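Coordinate analysis (summary)
What follows is each chain in one-letter form.
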Amino acid sequence: MTDDADYCGPFTRSPKCVRFAELSGGAMSALLDRDLSEASRVAGVSLTEYFVTDTARWLWQFRLDQMAADPGHRHGRDRSNDRAGDDQP
């Protein structure tokens, strides 16, 4: 969640909007170092203090470990070669 005070439209019941932004390894590394301003700069969005809490930092370490273990899956899975009906993740 960002601190941007964007207007979300007439059907919004909350003053905050949620915007999904992909965080790169560089942004997650900065968050692990509790460098919120650098992480925000790298991510291209203003990140809130929540992103450097212990709870959130656990997630950044987990994701960085996943990326290191399988670099081909950094941007999600390419399902174009999956067989029809194959539900394997």
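Here, the structure is the one placed above.
What comes next concerns the included structure. For clarity, every value in this text was computed on a predicted model and none was experimentally measured. (Residues numbered from 1 in each chain as written. Predicted model: local features only at pLDDT ≥ 70, side-chain atom pairs only at ≥ 80, totals over all residues. Heavy atoms only, no water.)

1. Some remarks on unusual backbone geometry
Applied cut-off: Helix numbers and strand numbers start at the N terminus; a helix is a DSSP run of H or I with at least 4 residues, a strand a run of E with at least 2.
Here the phi dihedral of Arg 34 falls at roughly 60°; this positive angle occurs in a residue that is not glycine. The topology assignment puts Arg 34 in the loop between α1 (25-32) and α2 (36-43).

2. Observations regarding the packing of α1 against α2
We count it as follows: Every axis corresponds to a line fitted to the C-alpha atoms, with the helix fit spanning only the stretch in contact, and the corresponding angles, defined between N-to-C directions, vary from 0 to 180 degrees. Any angle that falls under 35 degrees is termed roughly parallel, while one over 145 is termed roughly antiparallel, one within 65 to 115 roughly perpendicular, and all others oblique. Any two residues having at least one pair of non-hydrogen atoms within 4.5 Å are treated as being in contact. Side-chain classes are defined by residue name, with Ala, Val, Leu, Ile, Met, Phe, Trp, Tyr, Cys and Pro counting as nonpolar, Asp, Glu, Lys and Arg as charged, and the others, Gly among them, as polar.
The N-to-C vectors of α1 and α2 enclose an angle of 170°; their axes lie 8 Å apart at closest approach. One element, α1, and the other, α2, form an angle in the roughly antiparallel class. Two secondary-structure elements touch here, α1 through Gly 26, Ala 27, Ala 30 and Leu 31 and α2 through Leu 36, Glu 38, Ala 39, Val 42 and Ala 43. Per-class residue counts for the contact of α1 with α2 are seven nonpolar, one polar and one charged.

3. Digging into α1
We count it as follows: Exposure classes here rest on a 1.4 Å probe applied to the protein chains alone. A residue is buried below 20% of its type maximum, exposed above 50%, and partly exposed in between.
Of the positions making up α1, those classed as buried are Ala 27, Met 28, Ala 30, Leu 31 and Leu 32. Tucked inside the fold, the buried residues of α1 contact α2 and α3 (54-69).

4. A closer look at the packing of aromatic side chains
Using the following cut-off: Two rings from Phe, Tyr or Trp (for Trp, the six-membered ring) form a pair when their centres sit within 6.5 Å of each other. Planes less than 30 degrees apart are called stacked, planes more than 60 degrees apart edge-to-face, and all others tilted.
Applying the stated criterion across every chain yields a total of three aromatic pairs. Seen in terms of ring centroids, Tyr 50 and Phe 51 are 6.3 Å apart; in terms of plane orientation they differ by 75°. Their pairing is edge-to-face. Among the residues examined, Phe 51 registers a relative accessible area of 12% and is labelled buried. For the pair Phe 51 and Trp 60, a centre-to-centre distance of 5.9 Å together with 0° between the ring planes defines the contact as stacked. Take Trp 60: its relative accessible area is 9%, and that puts it in the buried class.

5. A word on the pattern of salt bridges
A side chain of one charge can pair with a side chain of the opposite charge when the charged atoms of the two come close. We apply this condition: In the sections that follow, a salt bridge refers to a side-chain nitrogen of Lys or Arg positioned within 4 Å of a carboxyl oxygen of Asp or Glu.
This model, assessed by the stated rule, comprises three salt bridges. Between Asp 54 and Arg 57 there is a salt bridge whose closest N-O contact spans 3.6 Å. Of the two residues, Asp 54 and Arg 57 are both situated in helix α3; the distance of three residues between them amounts to about one turn of the helix. On the basis of relative accessible area, Asp 54 is assigned to the exposed category, the value being 56%.

6. Thoughts on the nonpolar core
Spelled out, the test is: Residues belong to a common nonpolar core when they are buried Ala, Val, Leu, Ile, Met, Phe, Trp, Tyr or Cys residues joined through side-chain atoms within 4.5 Å.
Judged by nonpolar contacts, the single largest core of 17 residues is most densely connected at Leu 23, Leu 31, Leu 47, Phe 51 and Trp 60. For this core, the secondary-structure elements that each account for two or more residues are α1, α2 and α3. Tallying contributions element by element places α1 first for this core, with five residues. Not counting residues within four places of it along the chain, the set of residues in contact with Trp 60 comprises Leu 23, Met 28, Leu 31, Leu 32 and Phe 51.

No statement about biological role is implied by the geometric values presented.
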